[in-house]
Amino acid sequence: MSQRSTRLGLYVNLYADTADRPRLADAVEQVRLTEEAGFDWVVLGERHLHRPGYHEALTSLAYLAAHTERIGLATAGLIAPVYQPVWLAETLAHIDVLSGGRLTAGFVLGYRPEEFALYGTRPAERVPRFEECLELVTRLWTQDEVSHEGRWASLDRAFLSPRPVQSPRPRLWNGGRVPAALERTARMCDGWTTSFNELDSELPAKIDAYRSYPTGPASLGKEVIVCREGFAATTSQQARAALEGPLRGLYDAYGDWKRTSADAARYAQQWEDIEARSVIGSVEQCAERLGAYGAMGADGVVLRVQPPGMPQKEALSAIETFGTEVLPRLNG
């Protein structure tokens, strides 16, 4: 498969602690630099029941929209089965309005029993809840009136005003690694977001499988967005020195956090294993890695550059290096 122009996103961790600067100041600084550096998206995820804290994704996205002008604003991913669909559709539509049409809404099924219990739902219901939620979000964004009698939602001539700015609607992404998730993504969404720890050796077959599934009538395409740890520096040794300690701390926490997930064991791997499925190293190494994902069929790569504990200065340096030195080598 021929290499394609690479779009780049920054995954902004929203972890909070007692030393957290107010009003998401670090995130705003990162996102402004990301926009200046030529990235295509800033991407936020979702966490609940996390100590010492994690900033809520949708209000944070609206806040970041007010501090940027051009960059795309994405989620990857909201836990669709726990949300009331009309509230979710209306809130996301308003973010698209406030940002001037910059939203991409990315979802996941979710896996933590604690998070489902927090919202009064059950993991056993997550697939039908997901499908009903995304069906209603899509219809409310695109139809003048929506009537629906479902398992969890009942609507009678419902409508949104205002609807999203984008026409026909904002794009939908979905994460997941099993065949059923890939089929559901092709049918109901417009792009697949990989796991951060999906092995490179697994990606080509999964990309081919995803693109082989039929699309639904409202589909806007089949984007592939590869999510990766990322850090660019002058040398690979400098990149490792900046990232390894904080990332190891994050992965140790994930080992417990993802204890009910099928991929929990991957967070116990050695640095060499992590590096092999990441975009970490010198400018030349990072450009080569991003180019390889483009050759596999990726339409974009989302990079997570700042685990908890990494100083802001290091994160900003990596973002600037990706923008000023890595991206020009790919797309110049």
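The shown structure was predicted, so the numbers you read here are calculated from the model rather than taken from an experiment.

K.L.:
Before we go on, may I ask you to explain the overall build of the chain in this structure?
P.N.:
Scanning the chain from terminus to terminus reveals eleven helices and twelve strands. The C-alpha atoms of the chain give 19 Å as radius of gyration, which agrees with the globular expectation for 332 residues (20 Å, within 12%). For the chain, the C-alpha atoms occupy an extent of roughly 60 × 50 × 40 Å along the three principal directions. For the chain, the residues scored as buried account for 55% of the 332 residues in total. When contacts within the chain are restricted to residue pairs at least 6 apart in sequence, those whose partners lie at least 24 apart make up 73%. As presented, the chain carries roughly 14000 Å² of accessible surface, and 51% of it is formed by carbon and sulfur atoms. Seen as two clouds, the 36 positive and the 43 negative side-chain charges of the chain have centres 3 Å apart.

K.L.:
Whenever I open this one, the side chain of Glu229 confuses me. Can you help?
P.N.:
Turning to its location among the elements, Glu229 is positioned in strand β10 (residues 223-233). Once you skip the residues sitting within four places of it in the chain, Glu229 turns out to touch Phe196, Leu247, Tyr251, Ser278, Val279, Ile280, Leu303 and Arg304.

K.L.:
Where do I start with a nonpolar patch on the surface in this structure?
P.N.:
Side chains of Leu49, Leu118 and Tyr119 sit close together on the surface and give an oily, nonpolar patch of about 280 Å² of accessible area. The residue Tyr119 is located in the loop between α4 (113-118) and α5 (126-142) in this model.

K.L.:
Hey, could you run me through the packing of helix α1 (residues 25-36) against helix α11 (residues 312-331) in this one?
P.N.:
Axes are the key here: two packed helices are described by the angle between their axes and the distance separating the axes. At a closest axis distance of 9 Å, the pairing of α1 and α11 adopts a crossing angle of 15 degrees. With respect to their mutual orientation, α1 and α11 come out roughly parallel. Taken as a pair, α1 and α11 cross one another with a handedness that is right-handed. Seen from α1, the contacting residues are Asp26, Glu29, Gln30, Leu33 and Thr34; seen from α11, they are Gln312, Ala315, Leu316, Ile319 and Glu320.

K.L.:
What exactly am I supposed to notice about the pattern of salt bridges here?
P.N.:
In a structure, side chains of opposite charge can pair up when their charged atoms sit close to one another. The full count for this structure, using the stated rule, is 24 salt bridges. Ionic pairing is found between Glu198 and Arg177, a salt bridge with its closest N-O pair at 3.4 Å. Note that Glu198 is positioned in the loop between β9 (191-193) and α7 (203-212) and Arg177 in the loop between β8 (171-175) and α6 (179-188), a separation of 21 residues in sequence. Given the relative accessible area of 0%, Glu198 is considered buried. A salt bridge links Arg211 to Asp299, with the nearest nitrogen and oxygen atoms 2.7 Å apart. Taken together, the positions of Arg211 in helix α7 and Asp299 in the loop between α10 (283-296) and β12 (300-304) put the pair 88 residues apart, joining distant regions of the chain. One network of salt bridges, with partners in common, ties together Glu131, Glu183, Arg184 and Arg187.

K.L.:
For this particular structure, what's the right way to read helix α2 (residues 57-66)?
P.N.:
Think of an α-helix as 3.6 residues a turn; residues three or four steps apart then line up on the same face. All of the buried residues in α2 are Ala57, Leu58, Ser60, Leu61, Leu64 and Ala65. End-on view of α2: buried residues confined to an arc of 160 degrees, all on one side of the axis. Every exposed residue of α2 that faces more than 90 degrees away from the buried side is listed here: Thr59 and Ala66. If you follow the buried residues of α2, they end up packed against α1, β2 (41-44), β3 (72-75), β4 (78-79), α3 (85-98) and β5 (103-108). A side-chain oxygen of the first residue of α2 lies 3.1 Å from the backbone nitrogen of Leu58; this N-cap is Glu56.

K.L.:
Quick question: what am I supposed to make of the pairing of strand β7 (residues 154-158) here?
P.N.:
Within a regular beta strand, the side chains point alternately toward one face of the sheet and then the other, so they alternate between its two faces. Alignment of strand β6 (residues 146-149) against β7, held across three bridges, turns out to be antiparallel. Note that in β7 the partner of Val146 across the bridge is Ala158. If you look at the hairpin formed by β6 and β7, you'll find four residues sitting between the two strands.

K.L.:
It is not clear to me how the environment of Thr59 should be interpreted in this structure. Could you clarify?
P.N.:
If you trace the backbone, Thr59 turns up in helix α2. The class for Thr59 is exposed, based on a relative accessible area of 55%.

K.L.:
Can you help me understand the environment of Gly120 in this one?
P.N.:
Note on placement: Gly120 falls in the loop between α4 and α5. Accessibility expressed as a relative area gives 62% for Gly120, which makes it exposed. On a C-alpha basis, the gap between Gly120 and Ser99 in space is 31 Å, while along the polypeptide they are 21 residues apart.

K.L.:
Explanation requested: α6 in the structure shown.
P.N.:
The complete set of buried residues in α6 reads Ala181, Leu182, Arg184, Thr185, Ala186 and Met188. Looking at the buried residues of α6, the elements they touch are α5, β8, β9 and α7.

K.L.:
Looking at this structure, how should I read unusual backbone geometry?
P.N.:
If a residue is not glycine, its phi is most likely negative; likewise, a peptide bond is most likely trans. Cis geometry is adopted by the peptide bond preceding Gly77, which originates at Ala76 and carries an omega value of -5 degrees. Residue Pro162 is reached from Ser161 by a cis peptide bond, and omega for that bond is 5 degrees. Positionally, Pro162 belongs in the loop between β7 and β8. A positive phi angle is found at Leu49, which is not glycine, with a value near 50 degrees. In this structure, Leu49 sits in the loop between β2 and α2.

Rules and cut-offs
Residues numbered from 1 in each chain as written. Predicted model: local features only at pLDDT ≥ 70, side-chain atom pairs only at ≥ 80, totals over all residues. Heavy atoms only, no water. Helix = DSSP H or I, 4+ residues; strand = E, 2+ residues; numbered from the N terminus. Rg over C-alpha atoms; globule rule 2.2 N^0.38 Å. Buried < 20%, exposed > 50% of the residue type's maximum accessible area, 1.4 Å probe, protein only. Contact = heavy atoms within 4.5 Å. Areas by Shrake-Rupley, 256 points an atom, 1.4 Å probe, with all protein chains shown as cover. Lys, Arg positive; Asp, Glu negative; His and termini not counted. Charge placed at Lys NZ, Arg CZ, Asp CG, Glu CD. Patch = residues over 30% accessible without salt bridge, like charges linked within 9 Å, V, L, I, M, F, W, Y side chains within 5 Å. Salt bridge = Lys/Arg side-chain N within 4 Å of Asp/Glu carboxyl O. Axes fitted to C-alpha atoms, helices over the stretch in contact; angles between N-to-C directions. Parallel < 35°, antiparallel > 145°, perpendicular 65-115°, else oblique. Left-handed = near helix turned anticlockwise from the far one by under 90°. Arc of directions from axis to C-beta. Polar contact = N/O pair within 3.5 Å; in protein donor to acceptor, adjacent residues only side chain to side chain. Pairing = 2+ DSSP bridges.

Any functional reading would require information beyond the geometric quantities listed.
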